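# Report on the structure
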Amino acid sequence: MNAGATAERVHEALRLRIMRRELRPGDRLDPAVLAAPLAASVTPVRDALHRLTGEGLVETRSAGGFHVPALDEPGLEDLYDWSAELVLLAIRAWRSPVAPPLPGDLGDGATLADRAAALFLAIARHSVNREHALAIDRLNARLHAVRTVEAQVLDGTGAELEALWHAARIAERKDLKTLCRSYHRRRRRAAADIVRAVYRSD
């Protein structure tokens, strides 16, 4: 396997482990420790961690080393606010009144976190501004771990997401914007409980 393929594989594996909460907020990420389970040398692991730092999924600290960023209530509120702003910007910049092409079936194993990510990315890809999709894709990765526990804190998350999908499918922009604001506002209000759920969840 060439170096480029190894680096890409290691990056994707670490990204998924963070998104799935196998590596938890605050965890130290030692390249030497991570290398063996990834069947890679330390260099591609360190390169992947630097790349993930640029994506906001890893941070470096003044004391040294890589860590999964800690999660707190103000930080999560900011992420929800940024998500709402990005999605609303994308809706306003839709290239046509036609509904965005949405994934028809994500499979039986698709979680609410997967479905939320797919929906918001599809909305963003329908924008005339390609930066919306790039920003949403990156933000989806940062919010994925949080989205896996939202249903433990909030009731009706499945129905809420289905209403958003329906509004997007029929290109009902006004309803979609209203539902989007409500979706993010509800999570923002529950940010403290969601943070606690992330830290105590197995």
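Structure shown above.
Throughout, residues of each chain are indexed from 1 in the direction in which the sequence is written. Only residues with pLDDT of at least 70 get local features here, since the model is predicted, and only at 80 or more are side-chain atom pairs given and counted; chain-wide, interface and lining totals rely on the full set of residues. Only heavy atoms go into the side-chain values, all of them from the structure, while hydrogens and water stay out.

## Considerations on the environment of Leu 164
Short version of the rule: Helix numbering and strand numbering both begin at the N terminus, where a helix is a DSSP run of H or I of at least 4 residues and a strand a DSSP run of E of at least 2. Each residue's exposure class comes from its accessible area (1.4 Å probe, protein chains only) as a fraction of the maximum for that residue type: buried when under 20%, exposed when over 50%, partly exposed otherwise. In this description, contact between two residues means that some pair of their heavy atoms is separated by no more than 4.5 Å.
The topology assignment puts Leu 164 in helix H8 (residues 157–169). On the basis of relative accessibility, which here comes to 1%, the residue Leu 164 falls in the buried class. Distance from Leu 164 to Val 98, taken between C-alpha atoms, is 16 Å for residues 66 residues apart in sequence. With residues near it in sequence (within four places) discarded, Leu 164 still touches Leu 119, Phe 120, Leu 176, Leu 179, Cys 180 and Tyr 183.

## Structural notes on the packing of aromatic side chains
Inclusion rule: Put simply, two rings from Phe, Tyr or Trp (the six-membered ring, in Trp's case) pair if the centres are within 6.5 Å, and we call them stacked under 30 degrees between planes, edge-to-face over 60, tilted for the rest. Note on geometry: a ring has a charge over it if NZ (lysine) or CZ (arginine) is within 6 Å of the ring centre and within 35 degrees of the ring normal.
All chains considered together, the criterion is met by 1 aromatic pair. Taken together, a centroid distance of 5.4 Å and an interplanar angle of 70 degrees make the contact between Phe 120 and Tyr 183 edge-to-face. Separated by 63 residues along the polypeptide, Phe 120 in helix H5 (residues 112–125) and Tyr 183 in helix H9 (residues 173–189) bring together distant segments of the chain. Here Phe 120 and Tyr 183 have matching classes, each one buried. Over the face of the ring belonging to Trp 165 we find Arg 115, whose NZ or CZ atom lies 4.6 Å from the ring centre. The lysine or arginine in question, Arg 187, covers the ring of Tyr 183, its NZ or CZ lying 3.6 Å from the ring centre.

## Here we look at empty space enclosed by the protein
This is how it is decided: Lining residues are those with an atom within 4 Å of a point, where the points come from a 1 Å grid over the protein atoms alone and group into cavities, where a 1.4 Å probe fits but cannot get out, or pockets, open sets with protein on both sides within 12 Å along at least five of seven lines. Grid points are joined across faces, edges and corners, and a volume is the space filled by probe spheres set on the points. Each residue gets one label: Ala, Val, Leu, Ile, Met, Phe, Trp, Tyr, Cys and Pro are nonpolar, Asp, Glu, Lys and Arg are charged, and the others, such as Gly, are polar.
Within this structure, the stated rule accounts for 1 cavity of 30 Å³ or more. For the largest cavity, the calculated volume is near 80 Å³. Along the walls of the largest cavity sit Leu 112, Ala 113, Ala 116, Arg 147, Glu 150, Ala 151, Thr 157, Leu 161, Tyr 183 and Arg 187, which together make up its complete lining. For the lining of the largest cavity, the secondary structure elements donating two or more residues are H5, helix H7 (150–153), H8 and H9. Counting residues per element, the lining of the largest cavity draws most heavily on H5, which supplies 3 residues. Tallied by class, the residues present in the lining of the largest cavity amount to 6 nonpolar, 1 polar and 3 charged.

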